[in-house]
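What the coordinates show
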There are 2 protein chains.
Amino acid sequence: MKIIDAKVHDVRFPTAAAGDGSDAINRGDYSAAYVELHTESGLFGAGFTFTNGRGNEIACAAIEALSHHVVGRTLEEIFADPVTFWRSLSADVQLRWLGPEKGVIHMATGALVNAVWDLRAKAEGKPMWRLLAEMPAEELVNSVDFHHITDAITPAEALELLADDGGYAERLAVLERDGFPSYTTSVGWLGYPDEQVRELTRAAYAQGWRAMKMKVGGPISDDIRRARLIREEIGPDALLMMDANQVWDVDEAIANMAVLAEVNPYWIEEPTHADDVLGHAAVARAVNQLSEGRCRVATGEVAANRVIFKQLMQADAIQVCQIDACRVGGVNEVLSILLMAAKFGVPVCPHAGGVGLCEYVQHLSIFDYLRLGRSLDGRMVEYVAHLHEHFEDPITVVEGRYRLPAKPGYSVTFKPESIEQFSFPDGPAWR
Amino acid sequence: MKIIDAKVHDVRFPTAAAGDGSDAINRGDYSAAYVELHTESGLFGAGFTFTNGRGNEIACAAIEALSHHVVGRTLEEIFADPVTFWRSLSADVQLRWLGPEKGVIHMATGALVNAVWDLRAKAEGKPMWRLLAEMPAEELVNSVDFHHITDAITPAEALELLADDGGYAERLAVLERDGFPSYTTSVGWLGYPDEQVRELTRAAYAQGWRAMKMKVGGPISDDIRRARLIREEIGPDALLMMDANQVWDVDEAIANMAVLAEVNPYWIEEPTHADDVLGHAAVARAVNQLSEGRCRVATGEVAANRVIFKQLMQADAIQVCQIDACRVGGVNEVLSILLMAAKFGVPVCPHAGGVGLCEYVQHLSIFDYLRLGRSLDGRMVEYVAHLHEHFEDPITVVEGRYRLPAKPGYSVTFKPESIEQFSFPDGPAWR
């Protein structure tokens, strides 16, 4: 199956005005630098990287710049030597300089690589989670670029982690029956007034949610007031997570978490700058000790690549690994991170929200449970209520749990009418 | 002085075909995403970020996306509150997602911020080094965003590091007499055959160079053969530096440096992935021990921002700090890194080469010596022979030493005819 064209679309949703997605550092118009890889057969693969609005055109330009590594190849060729394919994008001798393996150019790699995997899953008639979960261990390991992570995990160790334990069918039955656990971030954006937070929290609790995340990183007096309000609504047993979106310095994070400890947070997410491995390690030591192990450090949504995740785990800097499906270089690199998380015993709770991120990451968590993590303990997929209506195969969440996707592919194919409506700058929504 | 327009140019030089700039991971057409900030007065500020060819249009698009934070402002406004200005670019609530503070979007920030400083230096009639070196300590400290680095350095510590020690005039006299030490990388690109390396080494030695850098990271048998050849030409006392351009894994770097120890390397640059702080620390421990402290670890040319540099220093991962003028967010962020290097006692040897990087960084090293590092011991600016003829105020290097730039500005203003000739894709050089 030959890829003959890459069609790139700049798709943006005007979410900033409503305060949705507002946190200590972002106020975004949720957007997708979206690509469809078309084949002679008529089947196409879809992928995107998520952005926050302005600059989505830069991500689109980066996808265009990389697309010559994809167009003209066959699916068979690509999957016969997946690491060579992956490196043709991530280690292009000229484009690599723009990262390396980080920021716009790496996000564009993620969009294209995910589109290739989507195409394969569609061609095989399987949802992505099933394509991955039914793949022989050798093929999964051969899909991973171990360059720069062999000091943390080797291909031999990866094979062992993926070995059949006889429990696959049972785990699959659990997911088919119960769905995959999740938590909601739709209650506590910084842009919402207190009363809206209270109403949303109450509604979410009534809908069955027992784990909720709020944004922190404003004035600490506001943070603790809102935290008490949410804790009041959800009672002592439900989980309350906090997300600082990197706004604090290291010492500030430690001091603020001492104040917020009063409401018994389950995790603090992005307590400081995303690149600060040593800083996260210092915060983790302090927060773990202060809470006698009840409060964890979580990060990953803007961790640039497998080398940052490697160090976060080597340094005991995180107790929750928040992979993102399209910040790193797509499925191949996500696999390397899932393997390291399994080796280091760090539960994976993917970053979602934005637009299409829930659609993406549900597949990754399901695969992780079936083949690597093998436990639901401490595993949750983030849930945000926005923008699912624009996808051909949107998520289904019932009583706070993701139902297994059944349609072929990676679930991120936009409806044509949504592309048209929200194309920037010429779609009707933006004119 | 009001900035009324930002003119962006995609300027590329066809260097890849000649093997110039070829190393273990790059093979580039040296390029600049170049911006001129025009004012009503007719004076303009010039800045650029360096890229490796393909993708330069992405960096240009990022400069365009950020330029609305600059156009319409006055120089006086910007320098009245430099951190607020700097954050308007580095922490734009939508564009930050594309980094954060890394890759294309941060390189674009560097281009624009440098252009603003160039404009100021031209307006005051001073070369950049003099503008900085004559600035009161308070103003320098007020130009630095300490966000996310206060666990390594505080404004109060920065003020102390910048305090007058009475030796300024003497240091300036040394530079005026002798120039600033440098080393050359023009001898040992991987793309050059052995005989070319031998001839270039011999010629460089004859021109007065006593410090030379070779590229490594090919087959180790090639690396050691070329290293012996260069050592043979330069004798036992001259310095031989090695640059692996990130190609090795951590354990591989340690093993290969055990082989290369035979030729007594002065430093190993980028032994592994640029983001791998812990990996660099492991290599540094091994290499320092193996060489009894003679061989250092150097890195920085693709270190994304001050947070990465902070950690490299906190973890004792580098003994040579290789700032780049336009990979990080321009002069303001470079100042933060120079301050940390001074505090941690790490000598600064800037990354140069490419196109225009020598022009930029000479100013930074001169300032560092005059106000912070205050020693020439172990300090060298990289020198590469290419492409200086395209600048209005090119570097002058005599007997292996940079002479002090005298013209106003940051020395990176392209000649109009070079912009025209090498504009991509429509300039005569590319048609």
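Residues numbered from 1 in each chain as written. Chains lettered and ligands numbered in written order. Predicted model: local features only at pLDDT ≥ 70, side-chain atom pairs only at ≥ 80, totals over all residues. Heavy atoms only, no water.

What follows deals with the environment of Val83 of chain B. All names here are of chain B. Relative to the helices and strands, Val83 resides in helix H3 (residues 82-90). Val83 gets classed as buried once you look at its relative accessible area, which sits at 18%. Spatially, the C-alpha atoms of Val83 and Phe146 are 9.1 Å apart, while their sequence positions differ by 63 residues. Residue contacts for Val83: discarding those within four places in its chain leaves Asn142, Ser143, Val144 and Asp145. (Helix = DSSP H or I, 4+ residues; strand = E, 2+ residues; numbered from the N terminus. Buried < 20%, exposed > 50% of the residue type's maximum accessible area, 1.4 Å probe, protein only. Contact = heavy atoms within 4.5 Å.)

Expressed as a screw operation, the relation of chain A to chain B combines 0.0 Å of axial shift with a rotation of 180°, fitting to an RMSD of 0.0 Å. Such values leave the two copies arranged in the relation of a two-fold axis. In terms of C-alpha distance to the rotation axis, chain A has Gly103 of chain A as its closest residue, with the C-alpha 2.5 Å off the axis. When the interface residues of chain A are mapped onto chain B, 100% of them again lie at the interface, so the same face is used by both copies. (Least-squares fit on C-alpha atoms with pLDDT ≥ 70 in both.)

This next bit is on the domain arrangement of chain A. Residue and element names in this part refer to chain A. As assigned here, chain A comprises domain 1 (3-125) and domain 2 (168-417). One C-alpha centre belongs to domain 1, the other to domain 2; they are set 23 Å apart. Across the contact surface, domain 1 and domain 2 share one salt bridge. Close ionic contact of Arg306 with Glu101 constitutes a salt bridge, the shortest N to O distance being 2.5 Å. Between domain 1 and domain 2 we count 14 residue pairs in polar contact (both at pLDDT 80 or more) in total. Mapped onto the side of domain 1 that touches domain 2, the elements with two or more residues apiece are strand S2 (31-39), strand S3 (44-51), helix H3 (82-90) and helix H4 (103-124). (Domains from an automatic or database assignment. Salt bridge = Lys/Arg side-chain N within 4 Å of Asp/Glu carboxyl O. Polar contact = N/O pair within 3.5 Å; in protein donor to acceptor, adjacent residues only side chain to side chain.)

Residue and element names in this part refer to chain B. Considering the arrangement of structural elements, one finds Lys213 in strand S5 (residues 211-215). Its relative accessible area of 1% is what places Lys213 among the buried residues. Only 2.7 Å separates the side chain of Lys213 from the side chain of Glu269, close enough to count as a polar contact. A polar contact of 3.0 Å, which involves the side chain of Lys213, links it to the side chain of Glu382. Contact partners of Lys213, with chain neighbours within four places excluded, come to Tyr183, Thr184, Thr185, Val187, Gly188, Met241, Met242, Asp243, Trp267, Glu269, Gln322 and Glu382.

Looking now at the nonpolar core. In this structure, Ile268 and Cys321 of chain A together with Ile268 and Cys321 of chain B are the most contacted members of the largest nonpolar core, which totals 294 residues. Residues within four places of Cys321 of chain B in sequence aside, it is in contact with Thr299, Phe309, Met313, Ile337, Ala341, Val346, Pro347, Val348, Cys349 and Pro350 of chain B. (Core = buried A, V, L, I, M, F, W, Y, C linked by side-chain atoms within 4.5 Å.)

It is worth spelling out the sheet that holds S3 of chain A at this point. All names here are of chain A. Strand order in the open sheet made by the three strands is S1-S2-S3, with antiparallel pairing throughout. Looking at which strands have only one partner, the edges of the open sheet turn out to be strand S1 (3-12) and S3. Within the sheet, the average angular offset between the axes of one strand and its neighbour, ignoring direction, is 15°. Sitting on the sheet, helix H1 (residues 56-66) is in contact with S1, S2 and S3, with an inclination near 175° to S1. (Pairing = 2+ DSSP bridges. Axes fitted to C-alpha atoms, helices over the stretch in contact; angles between N-to-C directions.)

Inspection of the secondary structure puts Ser90 of chain A in helix H3. Once residues lying within four places of it in the same chain are set aside, the contact partners of Ser90 of chain A are Arg96, Glu101, His106 and Thr109 of chain A.

The next point concerns the interface of chain A and chain B. Contact with chain A, which involves 63 residues of that partner, is made by 63 residues of chain B. Around 5400 Å² of area is buried between chain A and chain B when both sides are counted, 54% of it from carbon and sulfur atoms. If you sort the residues of chain A by the area they bury against chain B, Arg54, Gln94 and Trp97 of chain A come out on top, with a joint share of 18%. Applying the counting criterion to the chain A and chain B interface returns six salt bridges. With its nearest N and O atoms 2.9 Å apart, the salt bridge here joins Arg54 of chain B to Asp92 of chain A. Secondary structure elements with two or more residues in the side of chain A that touches chain B: S3, H1, H4, helix H11 (250-260), helix H12 (277-290) and helix H13 (306-314) of chain A. Grouping the amino acids of the side of chain A that touches chain B by side-chain chemistry returns 27 nonpolar, 20 polar and 16 charged. (Buried area = accessible area lost by both parts, 1.4 Å probe. Nonpolar A, V, L, I, M, F, W, Y, C, P; charged D, E, K, R; others polar.)

Below, the discussion takes up the packing of aromatic side chains. Both the distance between ring centres and the angle between the ring planes are used here to describe each pair of aromatic rings. Going through the model one piece at a time under the given rule, you end up with 27 aromatic pairs over all chains. For the pair Trp209 of chain B and Tyr383 of chain B, a centre-to-centre distance of 5.0 Å together with 20° between the ring planes defines the contact as stacked. Remark: Tyr383 of chain B occurs in strand S10 (residues 381-383) and Trp209 of chain B occurs in the loop between helix H9 (194-206) and S5; sequence separation between them is 174 residues. Across this residue pair, the class does not change: Trp209 of chain B and Tyr383 of chain B are buried. Counting every residue linked through ring pairs, the aromatic cluster contains Phe13, Tyr34, Phe391, Phe414 and Phe422 of chain A. Above the face of the Phe79 of chain A ring, Arg120 of chain A is positioned so that its terminal group lies 4.6 Å from the ring centre. (Phe/Tyr/Trp six-rings, centres within 6.5 Å; stacked < 30°, edge-to-face > 60°. Lys NZ or Arg CZ within 6 Å of the ring centre and 35° of its normal.)

Another point: the packing of H11 of chain A against H12 of chain A. A packed helix pair is summarised by two numbers, namely the angle formed by the two axes and the spacing between the axes. Residue and element names in this part refer to chain A. Relative to each other, H11 and H12 sit at 20°, their axes nearing to 9 Å. Taken together, the axis directions place H11 and H12 in an arrangement best described as roughly parallel. Where H11 crosses over H12, the handedness of that crossing is right-handed. Listed contacts from H12 to Val250, Ala253, Ile254, Met257 and Ala258 of H11 are Gly279, Ala282, Val283, Ala286, Val287 and Leu290. Tallied by class, the residues present in the contact of H11 with H12 amount to 10 nonpolar, one polar and no charged. (Parallel < 35°, antiparallel > 145°, perpendicular 65-115°, else oblique. Left-handed = near helix turned anticlockwise from the far one by under 90°.)

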